[in-house]
Amino acid sequence: MLLARASPSFLPSTSTSSSATPSSQALPPSASFGRSLRTGGSLTAASPNCTVRRPVMAAAAAAVPAAKLEDAEALIDSVETFIFDCDGVIWKGDKLIDGVPETLDLLRSKGKRLVFVTNNSTKSRKQYGKKFETLGLSVNEEEIFASSFAAAAYLQSIDFPKDKKVYVIGEEGILKELELAGFQYLGGPTDGDKKIELKPGFYMEHDKDVGAVVVGFDRYFNYYKVQYGTLCIRENPGCLFIATNRDAVTHLTDAQEWAGGGSMVGAVLGSTKQEPLVVGKPSTFMMDYLAKKFGITTSQICMVGDRLDTDVLFGQNGGCKTLLVLSGILIIPFTLNSSASSAEFASALTLAGCLLQV
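What this report covers is the structure whose coordinates are included nearby. (Residues numbered from 1 in each chain as written. Predicted model: local features only at pLDDT ≥ 70, side-chain atom pairs only at ≥ 80, totals over all residues. Heavy atoms only, no water.)

## Concerning the pattern of salt bridges
To keep things clear, this is the line we draw: Basic side-chain nitrogens of Lys or Arg form a salt bridge, by our definition, when they fall within 4 Å of a carboxyl oxygen of Asp or Glu. Secondary structure elements are taken from DSSP: a helix is a run of H or I of four residues or more, a strand is a run of E of two residues or more, and numbering for both begins at the N terminus. Only protein chains enter the accessibility calculation, which uses a 1.4 Å probe; a residue whose area is less than 20% of its type maximum is buried, one above 50% is exposed, and one in between is partly exposed.
Counted under the stated rule, the structure contains 15 salt bridges. Across the salt bridge formed by Glu80 and Arg113, the nearest N and O atoms sit 3.6 Å from each other. One end of the pair, Glu80, is in the loop between α1 (72–78) and β4 (81–84); the other, Arg113, is in strand β7 (residues 113–118), and 33 residues separate them in sequence. By relative accessible area, Glu80 is classed as partly exposed at 34%. A salt bridge links Lys194 to Asp191; the nearest nitrogen and oxygen atoms lie 2.7 Å apart. Overlapping salt bridges bring together Asp85, Lys281 and Asp311 as one network.

## Considerations on the packing of aromatic side chains
For clarity, the threshold we go by: Planes of paired rings set the category: under 30 degrees apart is stacked, over 60 is edge-to-face and the rest tilted, where pairs are Phe, Tyr or Trp rings (Trp by its six-membered ring) whose centres lie within 6.5 Å. Over a ring means this: the NZ of a Lys or the CZ of an Arg is within 6 Å of the ring centre and within 35 degrees of the ring normal.
Here the structure, examined in full by the defined rule, presents 14 aromatic pairs. Ring centres of Phe145 and Phe149 lie 5.7 Å apart, and the angle between their planes is 70°; this geometry places the pair in the edge-to-face category. Clustering of aromatic rings is evident, with ring pairs tying together Phe82, Phe84, Trp91, Phe116, Tyr128 and Phe132. A cation sits over an aromatic face here: Arg125 above Phe149, 4.2 Å from the ring centre. The ring of Phe294 carries the charged tip of Lys293 above its face, separated from the ring centre by 5.8 Å.

## Here we look at the packing of helix α6 (residues 223–235) against helix α7 (residues 261–272)
For any two helices packed against each other, one specifies the crossing angle of their axes together with the interaxial distance. Selection rule: Note on geometry: axes are lines fitted to C-alpha atoms, helical ones only across the stretch in contact, with angles between N-to-C directions running from 0 to 180 degrees. Put simply, angles under 35 degrees are roughly parallel, angles over 145 are roughly antiparallel, angles from 65 to 115 are roughly perpendicular, and the rest are oblique. Here a crossing is called left-handed whenever its near helix is offset anticlockwise from the far helix by less than a right angle, and right-handed whenever the offset is clockwise. Contacts are assigned to residue pairs that have any heavy atoms within 4.5 Å of one another. All residues other than Ala, Val, Leu, Ile, Met, Phe, Trp, Tyr, Cys, Pro, Asp, Glu, Lys and Arg, Gly among them, are scored as polar; the first ten of these are nonpolar and the last four charged.
Look at α6 against α7: their axes get within 9 Å of each other, and the N-to-C directions meet at 50°. As the angle between them shows, α6 and α7 are arranged oblique. Seen along the crossing, α6 lies across α7 with a hand that is right-handed. Residues Val226, Thr230, Ile233 and Arg234 of α6 lie in contact with α7, whose contacting residues are Ala267, Val268, Ser271 and Thr272. Residues of the contact of α6 with α7, tallied by class, amount to 4 nonpolar, 3 polar and 1 charged.

## Points about unusual backbone geometry
One can expect most non-glycine residues to show negative phi and most peptide bonds to be in trans. Across the junction of Lys281 and Pro282, the peptide omega takes the value 5°, indicating a cis bond. Inspection of the secondary structure puts Pro282 in the loop between β15 (277–278) and α8 (285–294). Phi at Lys273 is positive, roughly 55°, even though this residue is not glycine. Among the secondary structure elements, Lys273 is positioned in the loop between α7 and β15. Its relative accessible area of 70% is what places Lys273 among the exposed residues.

## Quick word on the nonpolar core
The condition is simple: We define the nonpolar core as a collection of buried residues of types Ala, Val, Leu, Ile, Met, Phe, Trp, Tyr and Cys that are connected through side-chain atoms lying within 4.5 Å of one another. As used throughout, domain bounds are those supplied by an automatic or database domain assignment.
Among the nonpolar cores identified, the biggest contains 36 residues, and Ile83, Phe145, Leu155, Val166, Leu178, Ile242 and Phe285 are the most heavily contacted of them. Looking at this core, the elements with two or more residues in it are β7, α4 (147–157), β9 (165–169), α5 (172–180), β11 (210–215), β12 (240–243), α8 and β16 (301–305). Top element by residues in this core is α4. It accounts for 7 residues. Structurally, this core is a two-domain feature, drawing no fewer than three residues from each of domain 1 (66–119 + 281–333 + 346–357) and domain 2 (159–280). Formed by 27 residues, the second largest nonpolar core is a distinct cluster that contains Trp91, Phe116, Leu137 and Val139.

## Side note on α8
Within α8, 7 of the 10 residues are buried, leaving the element largely enclosed by the surrounding structure. Among the residues making up α8, those that are buried are Phe285, Met286, Met287, Asp288, Tyr289, Leu290 and Ala291. After α8 finishes, the residue Gly295 shows a positive phi value of roughly 65°.

Next comes the structure, spelled out in structure tokens:
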């Protein structure tokens, strides 16, 4: 599992350049957590002249190639907490990745704190606890942080009014976490069968008390939900647009990659022309939340993941050490021509500060 490249000297995050995509909305002044909610970015490796967007990394000239992890013991001794991504690192779909139980047991035997952070919002923390148990892993619910929980935690952090409602484009995990946090909600899977009868003069009503629209991965996504969420964001004064993540793909099975939550977020962004507040990786919200909850400094954390655009960037934005494993998504931030050479690919990854074994 730990066949990876480590990045002990990470790249500082920078402000968005004029050529980059628009950044996420700034946090409201009342927010108590989160330095910034970054949307991530992209890096194209179709030619030797790679285009680097600043939300993803510092200027190419400042990039320092990361060495292949040769001394795991030294890395383990240098930090006190390991944060693990789940999809592609712990499991793929419902299949446990080889070497995971032994790795987790080793780290626990050395007194390391383990935390599991996933952008997948379909389950609540309790439901993820059951999945860990089903896979034969002993993980406490307090060690699990899903983006469904992050959405509810963010609303708590800004003192979101309890008399306001949350419209959910997503699945049961978000609903359960909102309920546990004491928030009113509507939408979710129950709106999956709803249709709009488009006829002359038709006017769609929406709840004027909705103060936030939360969008996550949704297998029951439809036009009704897009229109309802759009009306709330456009017409309800001050209504927040919150995204659990903007992942392009996700691991629903171990057979292939599937369209991720970013596709649902993109639909609402397209109709509202409003950038979302992203609470999942690579936003720093969850990192700040974890550091505060456990009373740890981020320099004592190592983020372990399989993606450059979410996991590694999440660690870099938070000031952590990062470890990129080769068990999951490898080239999500990249678009390669069929003619692109391995040297060009390696060059692009070097710019990202996380040189993979290619």
